[in-house]
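Spelled out, the chains give:
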There are 2 protein chains.
Amino acid sequence: MITEILIKNRFFKDLDTPTLEKFSSQARLMSQPKGMLLLSQDTPCDSFYLIHTGWIKLFKQTLDGSEAIIDVINDTHIFGETALFNDHHNSFSAEVVEPSELIIIPIHILETAIHDTPEIALRMLKVMSKHRKRQDIELENRDIKNAPQRIGCFLMRLCPYPYEKDRITLHLPYDKTLIAARLGMKAETFSRGLAKLKEHTDICIKGSSITIPSLRKIKDYTCAICSMTYPCGDL
Amino acid sequence: MITEILIKNRFFKDLDTPTLEKFSSQARLMSQPKGMLLLSQDTPCDSFYLIHTGWIKLFKQTLDGSEAIIDVINDTHIFGETALFNDHHNSFSAEVVEPSELIIIPIHILETAIHDTPEIALRMLKVMSKHRKRQDIELENRDIKNAPQRIGCFLMRLCPYPYEKDRITLHLPYDKTLIAARLGMKAETFSRGLAKLKEHTDICIKGSSITIPSLRKIKDYTCAICSMTYPCGDL
């Protein structure tokens, strides 16, 4: 089961059998409920995680108790591995925001593999490069897109790609307050932004269900001022 | 001369001689004036750069002509290397914002070294991890710090570390419009923010020269709401 999940992931796919076994033999699959704290900022980190299902929030807490969301990630994402380059300490906290199944692997296996297997080091570089691209887009979005456009971008990246039809119904993956925080906006800015996006693109909102009647329309409104080439997919 | 510059940099320091020679034998040192475009977004990239002196702006241009600043970096920083993980294309543009001396190295040397020398792959991972930390702080700053606090943070990170005295005079490294854009704010927000920071911390501004009479004061105002441990230095 664990090996099957691993080989479906870009990081582990097509690895030679001995290297894959080094990871799978010490990996554990676990289910975690909403609210579970998996990593705690500034504490030693002895494992890294691969998300199989669910959503995980990566965040930082500041001295005065505020919380800054770094990212909210789902399946196929890896986290915790950056502790290797931070004196084996977490530079952020990680919490389950929707019930999740995760594969947890001792970080020393990854550390040894990076040193011993150039292919693993290369894959690790690709993981970090992908994360860097996500962050670049996030910073760009905050600089030049307004709130409704940032929400539109968030929705489009939830749509299963390749797009098979122009009309799509999707469910918000986690609660609206967290989506707002993830997009760097206050809850009321998010509500106003969503209403404005509705005006511009005719989306239909029912609770956490959103119907996009025309992907083309939301694309025209959202992607026209982006540096990425459409369709960018979810990084 | 080139080898001397390389071995002072964290990425090349203490490398074995054959590996270092692979880089230095094909590296060129060049001076570039303000305004020179070094990398152009979405074009093939055959070199990467190490900044010896000066300041470089990394940015993205959007379809409607807006510009989003990703980072403004100075000496010891490397850029252009991410093309290796982006089909050998630049995912951003790079422009000289203050006259710069740069070392330019063919990217295929780095590519081969990453595959052949685990130590190089590891150092590359450290470079990317450091960049990720810079971006995490940037996103955190935009989430929870107000404009004067973000300017205070910017100024503190310009102060030479370790801090030898509480009173420091420093020069803004590039023009205020770009500093504002780098911090994700409009020019007028920057001006108001700087005036407010002056009120709170008694800094003295004369053109591009800023005197900080008390580092402790600016730290109390700026760092109290940060997730980083003081002093964070410049990442």
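Just so you know, these numbers come straight off a predicted model, no measurement behind them. (Residues numbered from 1 in each chain as written. Chains lettered and ligands numbered in written order. Predicted model: local features only at pLDDT ≥ 70, side-chain atom pairs only at ≥ 80, totals over all residues. Heavy atoms only, no water.)

1. As for the overall build of chain A
Applicable threshold: The way it works is that DSSP assigns letters per residue, a run of H or I at least four long becomes a helix, a run of E at least two long becomes a strand, and they are numbered from the N terminus. Radius of gyration: over C-alpha atoms. The globule rule applied is 2.2 Å multiplied by the number of residues raised to the 0.38 power. A simple rule labels every residue: compare its accessible area, found with a 1.4 Å probe on the protein chains alone, to the largest value its type can have, and call it buried under 20%, exposed over 50%, or partly exposed in between. Contacts: residue pairs with any heavy atoms within 4.5 Å of one another. Note on areas: these come from Shrake-Rupley sampling with a 1.4 Å probe, and a residue is covered only by the protein chains present in the view. Counted charges follow a simple rule, with Lys and Arg positive, Asp and Glu negative, and His plus the chain ends left uncounted. Positions of charges follow a simple convention, taking NZ of Lys, CZ of Arg, CG of Asp or CD of Glu.
Of the regular secondary structure elements, chain A holds eight helices and nine strands. For chain A, whose C-alpha radius of gyration is 19 Å, the value lies close to the compact-globule estimate of 18 Å for 235 residues. Structurally, chain A occupies a C-alpha span of about 55 × 45 × 30 Å along its principal axes. Buried residues in chain A amount to 56% of all 235 residues. Counting only contacts in chain A whose residues sit at least 6 apart along the sequence, the fraction spanning at least 24 positions is 72%. Carbon together with sulfur atoms contributes 51% to the accessible area of chain A, which is approximately 10400 Å² in total. Here chain A contributes 30 positively and 30 negatively charged side chains, and the mean placements of these two sets differ by 8 Å.

2. Comments concerning the packing of aromatic side chains
Test applied: Pairing of aromatic rings covers Phe, Tyr and Trp, the last counted by its six-membered ring, and requires centre-to-centre distances within 6.5 Å; plane angles under 30 degrees mean stacked, over 60 mean edge-to-face, and any other angle means tilted. When the NZ atom of lysine or the CZ atom of arginine is within 6 Å of a ring's centre and also within 35 degrees of its normal, the charge is said to sit over that ring.
Evaluation of the coordinates by the stated rule reveals 14 aromatic pairs over all chains. A ring pair is formed by Trp55 of chain B and Tyr174 of chain B, whose centres lie 5.1 Å apart and whose planes are at 65°; its orientation type is edge-to-face. One end of the pair, Trp55 of chain B, is in strand β3 (residues 47–61); the other, Tyr174 of chain B, is in the loop between β7 (168–171) and α6 (176–182), and 119 residues separate them in sequence. Classification of Trp55 of chain B as buried rests on a relative accessible area of 15%. Residue Tyr174 of chain B is classed as buried on the basis of its relative accessible area of 4%. Of the aromatic side chains, those joined through ring pairs into one cluster are Phe11, Phe12 and Phe23 of chain A. Between the NZ or CZ atom of Lys219 of chain B and the centre of the ring of Tyr230 of chain B, over which it lies, the distance is 4.8 Å.

3. What to know about helix α2 (residues 17–24) of chain A
Three- or four-residue spacings in an α-helix give side chains the same orientation, since the helix completes a turn every 3.6 residues. Residue and element names in this part refer to chain A. Here is the rule we go by: Throughout, the arc means that of the directions going from the helix axis to the C-beta atoms.
Listed as buried for α2 are Thr19, Leu20, Phe23 and Ser24. Taken end-on, α2 shows its buried residues confined to a sector of 130°, consistent with a single buried face. Seen from the buried face of α2, the exposed residues on the opposite side, beyond 90 degrees, are Thr17 and Pro18. Residues of α2 that are buried in the fold lie against α1 (2–8), β3 (47–61), β6 (93–106), α3 (107–116) and α4 (118–144).

4. Details of the sheet that holds strand β8 (residues 204–206) of chain B
Residues and elements named next belong to chain B. Rule in force here: Think of it this way: DSSP has to see at least two bridges between two strands before they count as a pair. Throughout, an axis means a line fitted to C-alpha atoms (over the contacting stretch in the case of helices), and angles, computed between N-to-C directions, take values from 0 to 180 degrees.
Spatially, three strands are ordered β7-β9-β8 in an open sheet, and the strand pairing comes out antiparallel. Either end of the sheet is taken by a strand with one partner, and the two such strands are β7 and β8. Pairwise comparison of adjacent strand axes, ignoring direction, gives a mean angle of 15° for this sheet. Here three bridges tie β8 to strand β9 (residues 209–212), and the two strands are oriented antiparallel to one another. Among the inter-strand pairings, Lys206 is bridged to a residue of β9, identified as Ser209.

5. Structural notes on the packing of helix α5 (residues 147–158) of chain A against helix α8 (residues 215–222) of chain A
All names here are of chain A. The cut-off we apply is this: Note on terminology: angles under 35 degrees are roughly parallel, angles over 145 are roughly antiparallel, angles of 65 to 115 are roughly perpendicular, and the others are oblique. Each helix crossing is assigned a hand: it is left-handed if the near helix lies turned anticlockwise from the far helix by less than a right angle, otherwise right-handed if that turn is clockwise.
Direction vectors running N to C along α5 and α8 enclose 135°, while the axes themselves pass 9 Å from each other. Looking at the two axes, α5 sits oblique to α8. The handedness of the crossing between α5 and α8 is left-handed. Facing α5, whose interface residues are Pro148, Gln149, Gly152, Cys153, Leu155 and Met156, α8 presents Leu215, Ile218, Lys219, Tyr221 and Thr222.

6. Focus: the sheet that holds strand β7 (residues 168–171) of chain A
All names here are of chain A. Read across the sheet, three strands follow the order β7-β9-β8 without closing on themselves; strand pairing throughout is antiparallel. Strands at the two margins of the open sheet, each flanked by one partner only, are β7 and β8 (204–206). Pairwise comparison of adjacent strand axes, ignoring direction, gives a mean angle of 15° for this sheet.

7. Quick word on the relation of the copies chain B and chain A
We count it as follows: Copies are brought into register by a least-squares superposition over C-alpha atoms of residues with pLDDT of at least 70 in both.
Placing chain B over chain A gives an RMSD of 0.0 Å and needs a rotation angle of 180°, together with 0.0 Å of translation along the axis. The operation mapping one copy onto its partner corresponds to a two-fold rotation axis.

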